[in-house]
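# Per-entry structural report
The primary structure of each chain is shown beneath.
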Amino acid sequence: MSQPPTLLADARCFALLPCAGSGSRAGTAAPKQYQPVAGVPMVRHTLAAFAAVSRIARVLVVVAPGDGVLAADASISVAACGGATRAESVFNGLAALRAQGVRDDDWVLVHDAARCLITPAQIDALIDACLPDAVGGLLALPLPDTLKSESGGRVVATIDRDHKWLAQTPQMFRLGLLHDALAARAATGFAGITDEASAVEAAGFQPLLVRGSAQNIKVTYPEDFALAEAVLRSRTT
Ligand code: CTP
Ligand code: MG
């Protein structure tokens, strides 16, 4: 394992929301993050959860070039620097945070705009767990189901599910560490980098696993919208 950075007591927390995808699996006409869920565009629920966490100094939303749906306000910045992949959108967003004065020793919580069921309590739990940690970590869930390996539509193996977790977001790392970890993969087009932790792992660190919630789904397929809507409505009644 590489040498982790030293702990700094005055580090601040920022959020970076990749919101530049097209939602090709969702089957919606417009990008899924703007699809109405329980009355408002999906990303509005995500933003509301982060706005309720007092330790988040500011939220940066990374949208696609030319996307003017979201307006900046006192607590939200919008950067139209989305890239061809999620990793590239995050990498570009980190540069935008730096340009705004965020320091390498500040913490960044990267969270999918499409994970609109995240709660302030889960964000706080991740911050509590990671602030004293030298590396940082992510919300994740121990694999609940039996895992199969497939070939040609048939099961070829059952994978031992012990010690296997499903990675969620937010994922919380220091800006400098995450930037350098992603920069090291940029030349390959971020091949194999499907979340922040995978880049940090490739740099030789071991991110902390913090137990999340099964409700923290990433809205991905058409049927996920009704599920997200039902959960959100159940919270307001
Ligand atoms: N994302 C992004 N930039 C990209 C691709 C994805 O900012 N080039 C964002 C999405 O907007 C989403 C999050 O990353 O909030 C997680 O990605 P995913 O759920 O895969 O969304 P899409 O890539 O939009 O969906 P799909 O893969 O079905 O096309
Ligand atoms: Mg995608």
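Structural notes, computed from the coordinates. (Residues numbered from 1 in each chain as written. Chains lettered and ligands numbered in written order. Predicted model: local features only at pLDDT ≥ 70, side-chain atom pairs only at ≥ 80, totals over all residues. Heavy atoms only, no water.)

## Quick word on helix H1 (residues 42–51)
Note the threshold: A 1.4 Å probe rolled over the protein chains alone gives each residue an accessible area, and that area as a share of the maximum for its type sets the label: buried under 20%, exposed over 50%, partly exposed in between. We count a stretch as a helix when DSSP gives it H or I for four or more residues in a row; a strand needs E for two or more, and each element gets its number in order from the N terminus.
Within H1, seven of the 10 residues are buried, leaving the element largely enclosed by the surrounding structure. Three or more residues of H1 are buried, namely Met42, Val43, His45, Thr46, Leu47, Ala49 and Phe50.

## A word on the pattern of salt bridges
Note the threshold: A carboxyl oxygen of Asp or Glu within 4 Å of a side-chain nitrogen of Lys or Arg is what we treat as a salt bridge.
Enumeration according to the criterion identifies 10 salt bridges in this entry. Among the salt bridges present, the one from Arg103 reaches Asp105, with a minimum N-O distance of 3.5 Å. Among the residues examined, Arg103 registers a relative accessible area of 36% and is labelled partly exposed. For Asp105, a relative accessible area of 17% translates into the label buried. Put simply, Arg12, Arg103, Asp105 and Asp106 are held in one network by salt bridges that share partners.

## Focus on the pairing of strand E8 (residues 147–151)
Rule in force here: We call two strands paired when DSSP finds no fewer than two bridges between them.
Pairing between E8 and strand E9 (residues 154–159): five bridges, direction antiparallel. By the bridge assignment, Ser151 is partnered in E9 with Arg154. Taking the residues between adjacent antiparallel strands as the criterion, E8 and E9 are bridged by two residues, where Gly152 takes a positive phi near 60 degrees.

## Things to note about the site of ligand 1
Let me state the cut-off plainly: Whether a residue is near a molecule or strand is decided by its heavy atoms; if any one of them lies within 4 Å of it, the residue is near. Within 3.5 Å is the distance limit for a polar contact, defined as a pair of N or O atoms, with the added protein rule that one can donate a hydrogen and the other accept it, and that residues adjacent in sequence qualify only through two side-chain atoms. For every accessible area listed, the method is Shrake-Rupley and the probe measures 1.4 Å; residues are considered covered only by the protein chains on display. Of the two site types, the cavity is a set of points on a 1 Å grid over the protein atoms alone where a 1.4 Å probe fits but cannot get out, and the pocket is an open set with protein on both sides within 12 Å along at least five of seven lines, each lined by residues with an atom within 4 Å of a point. By definition, a pocket or cavity contains a molecule when more than half of the molecule's atoms lie within 2 Å of the pocket's grid points. Note on residue categories: nonpolar means Ala, Val, Leu, Ile, Met, Phe, Trp, Tyr, Cys or Pro, charged means Asp, Glu, Lys or Arg, and polar means any other residue, Gly included.
The local shell around ligand 1 holds 19 residues, among which Gly23, Ser24, Lys32, Ser89 and Lys218 are the closest. Take Ala20: an N or O atom from its main chain is 2.9 Å from an oxygen atom of ligand 1. One of the backbone N or O atoms of Gly23 is found 2.7 Å from an oxygen atom in ligand 1. Compared with its free state, where it exposes 560 Å², ligand 1 has 88% of that area covered by protein. Judged by its atoms lying within 2 Å of the grid points, ligand 1 is housed in the largest pocket. Residue composition of the shell around ligand 1, by class: six nonpolar, eight polar and five charged.

## Section: the environment of Ala187
Within the secondary structure, Ala187 is located in the loop between helix H4 (175–186) and helix H5 (196–202). Overall, Ala187 belongs to the exposed group, its relative accessible area being 82%. As a C-alpha pair, Ala187 and Ala140 span 47 residues in sequence and 28 Å in three-dimensional space.

## Comments concerning the nonpolar core
Generally speaking, soluble globular proteins have nonpolar side chains that are buried together. Inclusion rule: Put simply, a nonpolar core is a bunch of buried Ala, Val, Leu, Ile, Met, Phe, Trp, Tyr and Cys residues held in one set by side-chain atoms that sit within 4.5 Å of each other. In what follows, residue pairs with any heavy atoms lying within 4.5 Å of each other are defined as contacts.
Ranked by internal contacts, the top residues of the largest apolar core, which has 29 residues, are Leu16, Leu94, Leu97, Leu182 and Val200. The set of elements that each furnish at least two residues to this core consists of strand E1 (13–18), strand E4 (56–62), helix H2 (86–99), strand E6 (107–110), strand E7 (136–142), H4 and H5. A total of six residues in this core trace back to one element, the largest contributor, which is H2. In this structure, Leu94 is in contact with Leu16, Val108, Leu175, Leu178, His179 and Leu182, ignoring residues within four places of it in sequence. Within the second largest apolar cluster, 28 residues are counted, among which are Cys13, Val61, Leu70 and Trp107.

## Describing unusual backbone geometry
Here the bond from Thr169 into Pro170 is cis, since omega is 10 degrees, no more than 30 degrees from zero. Within the secondary structure, Pro170 is located in strand E10 (residues 165–174). Despite not being glycine, Ala38 has its phi angle at roughly 50 degrees, a positive value. Here Ala38 lies in the loop between strand E2 (36–37) and strand E3 (40–41). Here Phe190, not a glycine, exhibits a phi torsion of approximately 60 degrees, which is positive. The buried category is assigned to Phe190, whose relative accessible area is 9%.

## Considerations on the layout of surface pockets
The following threshold applies: Grid points are joined across faces, edges and corners, and a volume is the space filled by probe spheres set on the points.
Quantified by volume, the largest pocket comes out at close to 880 Å³. Elements supplying a minimum of two residues to the lining of the largest pocket: H2 and E10. In terms of residue class, the lining of the largest pocket is made up of 14 nonpolar, 15 polar and eight charged.

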